[in-house]
Amino acid sequence: MQGERRNQTQQHQKAQRISLCMIVKDEEELLPRCLESVRGAVDEIIVVDTGSSDRSVAIARKHGAMVVEFAWCDDFAAARNAGLELATGDWILFLDADEALDTAAREQIRSWTAVSGCDGLFLNIHNYTGSGQQGATVNPVLRLFRNAPEHRFTGRIHEQIAAAICERNPEAAFHVTDMVIHHYGYQTVIVERKDKVNRNVRLLQQAVMEEPNQPFHHYNLGVEYLRTGQAEQALESFGKAREMIDPAVTSYAHLLFKYEVRCLEHLHRWPEAMERVDEALQLFPEYTDLMHHRAICADALGDTDTAELSLREAVRQGPPPAIFHTEEGMGTYQTWYTLGRLLEGKADLEGAVDAYVEAVRAKASLLPPLYRIFRIMRVSGQEEQIPALIASRFAMNSEEALTKVLGILEQSGCYAAALELLGEMPHVSSGEPRERRSVAEAFLHVQRGDWRKARLKLETVKRKKGLFASLASRWLERLQWIEGEGNDGREDKEGKRDRKERQGREGQEHKKGQQNEGQDSFTLWLRQGSQAGGGKDVLTEEESGLSGWWKSAAKGNEGLEENAGEHTTSEKEHTGLYEGWQAFGLLLEGCARSGRRQELHELIQRGQQVLNEADSTMITGSGESLAKERDAGTEEECRGNGEVDEKADVKNAGARLPFPGASDTLLGTNCIVKGLISAADYHLAQLMSDTPQAGAGKRQRHPYWPVVQHIRLELPGADGFEG
């Protein structure tokens, strides 16, 4: 008898069918990803189209969907229910076009529906905001429920299904699964294009007018206000909702309290925020997000000890239980990083480094903690210990990891550590990989201001007469300009005369070389002053660092063999990072790091002159013309296109600028600002050095050493955050 019942149960389990129900309007960009994500996971797809004017309907039908035309009436529940009427599955999965079912969930979903005795299953929605790189909020949401005629959505917006399920079965059971849905709809570009916030506010205001005693409407309206930074309006809406609910039985009560705290933080009403978070913790002691925010409030109130204790309690708790809506990293990497910043403020740099290490361990792809670790160690005079720390605390077992760390070290000004890490890499026998690594080392020496070592590396590359010989030759001339400028105040007349004669001879050789290699306008600008140049701008703002070089510099002979087509290319594809403003920035950095004030001052003055000339060009020419100037070829090419007059005028305007890409005033300004910051850091470092009055074997710090150290730690610079 039991065996027969078991067979019947198994037959019933196999019969469980899943219907995907969606509503769409003009979703041709996002819909394919959504429908592909459920391939094999559902048995039928029903798409309710509310008036698309693009290819959404065709895309849905291509994926085998039944399409239902529905006249939009400002009611999401009505549109959802139109699809439910046609669903034949035993279970209903509902998604939006800007969502995608996680790969693991696609494999698991049938197992969940087959064995579950529940009426509904919660899936974890990972909401990506901003650029999509800042992490995600994680919300468990009821997205999979049994199909029944009584199960229909309610709510003009933020429609709900749970109430209908519980009304049909007061003893209905629900389960929170570990399945994930990715939601991209609140990324900035999508929100702006679809004007989602204004639409939501309008519908919620209408819902509040129709049902003023429905707390969920007030809560959701507050969420939209908070999303747009209208903290006062949000706080008012949240307050109305809180007065109407019983926190013990309201599913979103924990979120309502947290959002109230966030509003008060935004308004800098810290005592009230602290009072509210403590009240909320009495109700939801396991909600790690609240403990994290308690630390933020305590720190703002000047109670750093309470802040530290709260953060340590949050990491002890870890992520909150699955029933809570949370933010990715609460109780793990976000909390560890916040603790690190707090400990920095308390001058506990060793503790801060430990916290940052834990943050990276919690999320290996996280960059900001690495930037802080490297800056702390450089500022505190422990840069030489960075390679050992990396070896002992991090797993560097992939080329990607090495590339990431080298780039961060370079951007953090830890050039010596980067050089040591490069030196510990497997030996490269010969050829392009070896030359590439030598060039990378040379530019680290340039940024350190160690001109002699940079010259030795570049001279070796030049003698090889390989792919990078011309690049090395140009940079040797640039270093000669730096070294020549630095000697002007110390040479006697005979030495100056000899140097000028040598430069004259080299100048003649340089001009001859230009006939074969093309004009190096940046070097000419250094040597001769503002010299007209031309060519295509090869550097974008996003590429304004050396990190693009590290991936190839880190490769050995195996990498060359595996990607031969990628690496055996023309020199032009390799040298863009070292021309124009990028070259200017490297020289500025080297002068700042080596204390060459005269050369630094001259470079900044000349850079400002170029920016002024570029501004003049912007005034005299339209933005479209300047864009054409960047991509313009020779005058003959212009004539071939029948646009001689227009492009020739643009070419003449661009010729006033001394080197390719000089019109990129944003990049130029960034280079000058970074140079000034590096100079400030160098001089502050001198204040932190041991005073010469200290006796043998004794250390005597400047009396303001802690303050100076804090200033250096907080100087603007790369921090790993995007946007």
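Let me sum up the structure you'll find in this document. Everything numeric here is computed off the predicted structure, so don't read it as measured data.

Criteria and cut-off values
Residues numbered from 1 in each chain as written. Predicted model: local features only at pLDDT ≥ 70, side-chain atom pairs only at ≥ 80, totals over all residues. Heavy atoms only, no water. Helix = DSSP H or I, 4+ residues; strand = E, 2+ residues; numbered from the N terminus. Contact = heavy atoms within 4.5 Å. Areas by Shrake-Rupley, 256 points an atom, 1.4 Å probe, with all protein chains shown as cover. Salt bridge = Lys/Arg side-chain N within 4 Å of Asp/Glu carboxyl O. Polar contact = N/O pair within 3.5 Å; in protein donor to acceptor, adjacent residues only side chain to side chain. Phe/Tyr/Trp six-rings, centres within 6.5 Å; stacked < 30°, edge-to-face > 60°. Buried < 20%, exposed > 50% of the residue type's maximum accessible area, 1.4 Å probe, protein only. Core = buried A, V, L, I, M, F, W, Y, C linked by side-chain atoms within 4.5 Å. Arc of directions from axis to C-beta. Pairing = 2+ DSSP bridges. Axes fitted to C-alpha atoms, helices over the stretch in contact; angles between N-to-C directions. Left-handed = near helix turned anticlockwise from the far one by under 90°. Nonpolar A, V, L, I, M, F, W, Y, C, P; charged D, E, K, R; others polar. Patch = residues over 30% accessible without salt bridge, like charges linked within 9 Å, V, L, I, M, F, W, Y side chains within 5 Å.

## Section: the overall build of the protein
Argument step 1. Within the protein, the secondary structure is distributed over 36 helices and nine strands.
Argument step 2. Considering only contacts within the protein whose residues lie at least 6 apart along the sequence, 69% involve residues at least 24 apart.
Argument step 3. Entry remark: accessible area of the protein is about 34,900 Å², with carbon and sulfur atoms responsible for 49%.

## Points about the pattern of salt bridges
Argument step 1. Evaluation of the coordinates by the stated rule reveals 43 salt bridges.
Argument step 2. The partner of R269 in a salt bridge is E232, and the shortest N-O contact between them spans 3.9 Å. Of this pair, R269 sits in the loop between α11 (253–266) and α12 (270–283) while E232 sits in helix α10 (residues 231–244), and the two are 37 residues apart along the sequence.
Argument step 3. As a salt-bridge pair, E714 and R372 come within 3.8 Å of each other at their nearest N and O atoms. Here the residue E714 occupies a position in helix α36 (residues 705–714), and R372 occupies one in helix α17 (residues 368–379), the gap between them amounting to 342 residues.
Argument step 4. Where salt bridges share partners, they join R378, E589, R593, D681 and R712 into one cluster.

## Quick word on the side chain of R378
Argument step 1. As for its position among the elements, R378 is in helix α17.
Argument step 2. For R378, the side chain forms a polar contact with the main-chain oxygen of S412, separated by 2.9 Å.
Argument step 3. Filtering out sequence-adjacent residues up to four positions away, R378 remains in contact with E383, S412, G413, C414, R593, D681 and R712.

## Here's the deal with the packing of aromatic side chains
Argument step 1. Across all of its chains, the model carries 24 aromatic pairs by this definition.
Argument step 2. Judged by centre distance (6.3 Å) and plane angle (65 degrees), the rings of F257 and F284 are edge-to-face. A residue pair is termed long-range when its members are at least 10 positions apart, and F257 in helix α11 and F284 in the loop between α12 and α13 (288–300) qualify at 27 residues.
Argument step 3. Assessed through its relative accessible area of 12%, F284 is described here as buried.
Argument step 4. Both rings, one in F522 and one in W525, keep their centres 5.5 Å apart while their planes meet at 45 degrees; by these two values the pair is tilted.

## Some points on the nonpolar core
Argument step 1. With 105 residues, the main nonpolar core has F145, Y219, F238, I373, F374, I386 and L409 as its most contacted residues.
Argument step 2. No other element matches α11, which puts eight residues into this core.
Argument step 3. Look past the residues within four positions of F238 in its chain and what remains in contact with it is Y219, G222, V223, L226, L256, Y259, E260 and C263.
Argument step 4. Residues L476, W525, C591 and L611 belong to the second largest nonpolar core, which totals 41 residues.

## Some points on helix α18 (residues 386–393)
Each α-helix turn comprises 3.6 residues. Residues three or four places apart therefore point the same way.
Argument step 1. Along α18, the residues that are buried comprise I386, P387, L389 and I390. Down the axis of α18, the buried set is contained in an arc of 160 degrees. They therefore lie on one face. More than 90 degrees from the buried face of α18, the exposed residues found are A391 and S392.
Argument step 2. Buried residues along α18 sit in contact with α16 (349–362), α17, α19 (399–411) and α20 (415–423).

## Details of unusual backbone geometry
Argument step 1. The residue D26 is not glycine, and still its phi comes out positive at about 50 degrees.
Argument step 2. Its location among the elements puts D26 in the loop between β1 (18–24) and α2 (31–37).
Argument step 3. By relative accessible area, which is 28% here, D26 ends up partly exposed.
Argument step 4. With a phi close to 60 degrees, H268 is a non-glycine residue in the positive phi region.
Argument step 5. If you trace the backbone, H268 turns up in the loop between α11 and α12.

## Some remarks on the pairing of strand β7 (residues 136–146)
Argument step 1. In terms of burial, β7 is a largely internal element, eight of the eleven residues being buried.
Argument step 2. Judged from the three bridges that link them, strand β4 (residues 91–94) and β7 form a sheet pairing that is antiparallel. Along β7, the bridge assignment pairs W91 with R146.
Argument step 3. In this sheet, β7 lies alongside strand β6 (residues 120–128) in antiparallel orientation, the contact comprising nine bridges. Bridge pairing in β7 links G120 to F145.
Argument step 4. In this sheet, strand β9 (residues 326–327) lies alongside β7 in antiparallel orientation, the contact comprising two bridges. Of the residues in β9, the one forming a bridge with T137 is E327.

## Here we look at α36
Argument step 1. All buried positions along α36 are accounted for by V708, Q709, R712 and L713. What you see down the axis of α36 is that its buried residues fit within an arc of 140 degrees, all on one side.
Argument step 2. Elements in contact with the buried residues of α36: α15 (333–345), α16, α17 and α35 (665–688).

## Focus: the packing of α17 against α18
Argument step 1. Running from N to C, α17 and α18 cross one another at 145 degrees; their axes reach a closest spacing of 11 Å. Seen from above, α17 lies across α18 with right-handed handedness. Within the contact between the two elements, α17 uses I373, F374 and M377 and α18 uses I386, L389 and I390.
Argument step 2. Tallied by class, the residues present in the contact of α17 with α18 amount to six nonpolar, no polar and no charged.

## Some points on the environment of D49
Argument step 1. Tracing the sequence through the fold places D49 in strand β2 (residues 44–49).
Argument step 2. Residue classification places D49 among the buried positions, given a relative accessible area of 2%.
Argument step 3. Along the backbone, D49 and A71 are 22 residues apart, and their C-alpha atoms lie at a distance of 8.4 Å.
Argument step 4. Residues in contact with D49, not counting those within four places in the same chain, are V24, K25, S56, V57, V67, V68, E69 and F70.
Argument step 5. Here the side chain of D49 touches G51 through a polar contact of 3.0 Å, landing on its backbone nitrogen.

## Examining the pairing of β1
Argument step 1. Of all seven residues making up β1, seven are buried, and the element is well covered by its neighbours.
Argument step 2. Taking every second residue as pointing to the same face, both faces of β1 are buried, with I18, L20, M22 and V24 on one and S19, C21 and I23 on the other.
Argument step 3. Two elements, β1 and β4, share four bridges in a ladder whose sense is parallel. Note that in β4 the partner of S19 across the bridge is I92.
Argument step 4. Sheet topology places β1 next to β2; six bridges connect them, and they run parallel.

## Overview of a nonpolar patch on the surface
Argument step 1. Nonpolar side chains collect at one region of the surface, where Y704, V707 and I711 lie side by side and expose about 310 Å² of accessible area between them.
Argument step 2. Its place among the elements puts V707 in helix α36.

## Notes on the side chain of S237
Argument step 1. Following the sequence through the fold, S237 ends up in helix α10.
Argument step 2. Given the relative accessible area of 7%, S237 is considered buried.
Argument step 3. When neighbours within four sequence positions are excluded, S237 is seen to be in contact with H218, L221, G222 and Y225.

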